[in-house]
Amino acid sequence: MQYKFFPHTEDDLKEMLAKVGVKSLDDLYAEVPESIRFKGEYDLPSEMSEMEIRRFFDCLGNKNKQLTCFAGAGVYDHYTPSVVPNIVERSEFLTSYTPYQAEISQGTLHYIFEFQSMMTALTGLDISNASMYDGSTATAEAVMMAKANAKKANKVLVSATVDPKVLKVVKTYAHYNGVEIELINEKDGAVDKDDMKAKLTAGGVAGVVVQQPNYYGVIEDYSGVAEACHEQKALFIMNSIAADLALLKTPGEWGADIAVGDVQSLGLPMSFGGPYAGYMCCSEKLIRKMPGRIVGMTKDNRGQRAFVLTLQAREQHIRRQKATSNICSNESLMALFVTIYMSVMGKEGVKEAAQRSFDGAHYMCEQLVKTGKFSLAFNQPFFNEFCVRYNGNVDELQKRFIDNGILGGVKVADDCIMFAVTEKRTKEEIDKLVELTK
């Protein structure tokens, strides 16, 4: 047949049925009991023309309410240069598949290698894998790495200032992998180091998980944390919003063994919840325990540069029971998106976007406090996200925001709102939000 995706013909069906030794489709399913066979009509909508189907989806899309976004909590409204989706939408990228066969996957392997290189530069660690599903599952995978590295210890300490959504995923993984999760208390919106050290000293700890900036947007001081972990032979794991690392002290500089997080902040649209991708970087000594794929660069027999999957057994990808992890997909299309974004923006461009986000958040915080109705929830430094206590009804205030076309932060307590600002937010938009609080 000329068009291989056309349905089977009657002759095709007869030939296949004859091959398996039956005369009809009814004979093929003869062993299925009559009592469980569906005999009604399928409730399927009638067919539509192309114009009708486009109109149908336009109507669905129009139900979405586009708001000026001042919410964050792990997903941020950053600007995406127009060139990025245009390159990503090229057919050779949109149709890319898992690069098992290096000789026909050089393009895919190349951009994954570049993604890895950029993430190691951003995190200050030695090795990056080829991206994870998202930041929460990447954190859970890091917890599994800590347990595998410790051998006998099965407890992992998690700071109470870690995003609750991430914590839930970590607990789910831990429950089914024999890992005990214990929370480290928080103090004024940051990790309680005394509580952390006491729980480390008690023994049996495989790793410690913290977040930077943390869930409340606070930039924490992790001085001495790596040393405290390593004294007890525990791994230090740091979850970070990727874009913030352009200005902040890197996980590598803090002495972290594993850096994880989401790359959504590097130009990926919010897209009503996804798709996104995670990252995972680690020190060289942990490379054999790292899940996902690792792409390396070498030379072929002609001396030309070539890219290959490296440093991991094939079981990682085809034998689930022996794999380091069952998250093996590399989310490579999203990794490509992020790689192009960082290439287009350049080192200084990524820094400038982060700086504008920082500046906008601090301006907005000052203006809200000036109204007399808000006060900072924590006496701590923050990046582009901050928590304020509101002297009024938070639910009514947020409804007022929405009625005026603004998604006004995330409610984190009865009297507390967390606002996020990115480089997309203008002074006029900030001033409008502040005016609505008066």
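Residues numbered from 1 in each chain as written. Predicted model: local features only at pLDDT ≥ 70, side-chain atom pairs only at ≥ 80, totals over all residues. Heavy atoms only, no water.

## A closer look at helix α15 (residues 427-436)
Definition in use: Categorising residues by exposure relies on relative accessible area from a 1.4 Å probe, with only protein chains included: less than 20% of the type maximum marks a residue as buried, more than 50% marks it as exposed, and the intermediate range marks it as partly exposed. Put simply, DSSP H or I for four residues or longer makes a helix, DSSP E for two residues or longer makes a strand, and each gets a number counted from the N terminus. Picture the helix axis, draw a direction to every C-beta atom, and the arc is the one those directions span. Whether two residues touch is decided by their heavy atoms; if any such pair falls within 4.5 Å, the residues are in contact.
Here α15 has its buried residues at I430, L433, V434 and L436. In a view along the axis of α15, the buried residues occupy a sector of 160°, so they form one face of it. In α15, the exposed positions that point more than 90 degrees away from the buried face belong to E428 and E435. Tucked into the core, α15 has its buried residues touching α13 (332-370), α14 (394-403), β15 (406-407) and β17 (416-420).

## A short note on the sheet that holds strand β2 (residues 127-128)
Convention followed: For two strands to count as paired, DSSP must find a minimum of two bridges between them. Every axis corresponds to a line fitted to the C-alpha atoms, with the helix fit spanning only the stretch in contact, and the corresponding angles, defined between N-to-C directions, vary from 0 to 180 degrees.
In space, the 7 strands of this open sheet follow the order β2-β10-β9-β8-β7-β3-β4, with mixed pairing throughout. Edge positions in the sheet fall to β2 and β4 (180-184), since each of these pairs with one other strand and no more. Here strand β3 (residues 155-159) pairs with strand β7 (residues 205-211) via 4 bridges, running parallel. Across the sheet, residue V158 finds its bridge partner in β7, namely V209. Most of the contacts of helix α8 (residues 164-175) go to β4, to which it runs at about 150°, and overall it touches β3, β4 and β8 (235-239). Helix-sheet contacts for helix α9 (residues 193-201) involve β3, β4 and β7, and the interaxial angle to β4 is about 150°.

## A short note on the pairing of strand β11 (residues 295-299)
Where β11 and strand β12 (residues 305-309) come together, 5 bridges link them in antiparallel fashion. Counted as the bridge partner of M297 is F307 from β12.

## Focus on the environment of V338
For V338, the location among the structural elements is in helix α13. Along the chain, V338 and L13 lie 325 residues apart, while their C-alpha atoms are 46 Å from each other. Other than its neighbours up to four places away in sequence, V338 contacts F115, V263, L266 and L268.

## What to know about a nonpolar patch on the surface
For clarity, the cut-off: To count toward a patch, a residue needs a relative accessible area over 30% and no salt bridge; like charges are then connected within 9 Å, while nonpolar side chains (Val, Leu, Ile, Met, Phe, Trp, Tyr) are connected within 5 Å. Note on areas: these come from Shrake-Rupley sampling with a 1.4 Å probe, and a residue is covered only by the protein chains present in the view. Should a side-chain nitrogen of Lys or Arg be within 4 Å of a carboxyl oxygen of Asp or Glu, the pair is scored as a salt bridge.
A cluster of nonpolar residues, V20, L25, L28, Y29, V32 and I36, forms a patch on the protein surface that exposes about 580 Å² of accessible area. Checked against the element boundaries, V32 lands in the loop between α2 (25-28) and α3 (50-61).

## Quick word on unusual backbone geometry
The residue after Q212, namely P213, is reached through a cis peptide bond having omega -15°. You can see P213 is positioned in the loop between β7 and α10 (225-231). In this model, G274 is joined to P275 through a cis peptide bond whose omega is 5°. Relative to the helices and strands, P275 resides in the loop between β9 (258-262) and β10 (278-282). If you check the backbone angles, A73 has positive phi at about 55° while not being a glycine. Within the secondary structure, A73 sits in the loop between β1 (68-69) and α4 (83-88). Judged by relative accessible area, A73 falls into the buried class, the value being 10%. In the Ramachandran plot, F272 falls in the positive-phi region, its phi being about 55° despite a non-glycine side chain. Of note, F272 is situated in the loop between β9 and β10. Owing to a relative accessible area of 64%, F272 belongs among the exposed residues under this scheme.

## Description of empty space enclosed by the protein
Put simply, the rule reads: Points on a 1 Å grid over protein atoms alone make up a cavity when a 1.4 Å probe fits among them but cannot get out, and a pocket when they form an open set with protein on both sides within 12 Å along at least five of seven lines; lining residues each have an atom within 4 Å of a point. Grid points are joined across faces, edges and corners, and a volume is the space filled by probe spheres set on the points. Residues are grouped as follows: Ala, Val, Leu, Ile, Met, Phe, Trp, Tyr, Cys and Pro are nonpolar; Asp, Glu, Lys and Arg are charged; every other residue, Gly included, is polar.
The final tally for this structure, using the stated rule, is 3 cavities of 30 Å³ or more. By volume, the largest cavity amounts to about 80 Å³. What lines the largest cavity is a set of 13 residues, among which Y76, Q211, N214, I241 and E385 lie closest to the centre. Looking at side-chain class alone, the lining of the largest cavity contains 5 nonpolar, 5 polar and 3 charged residues.

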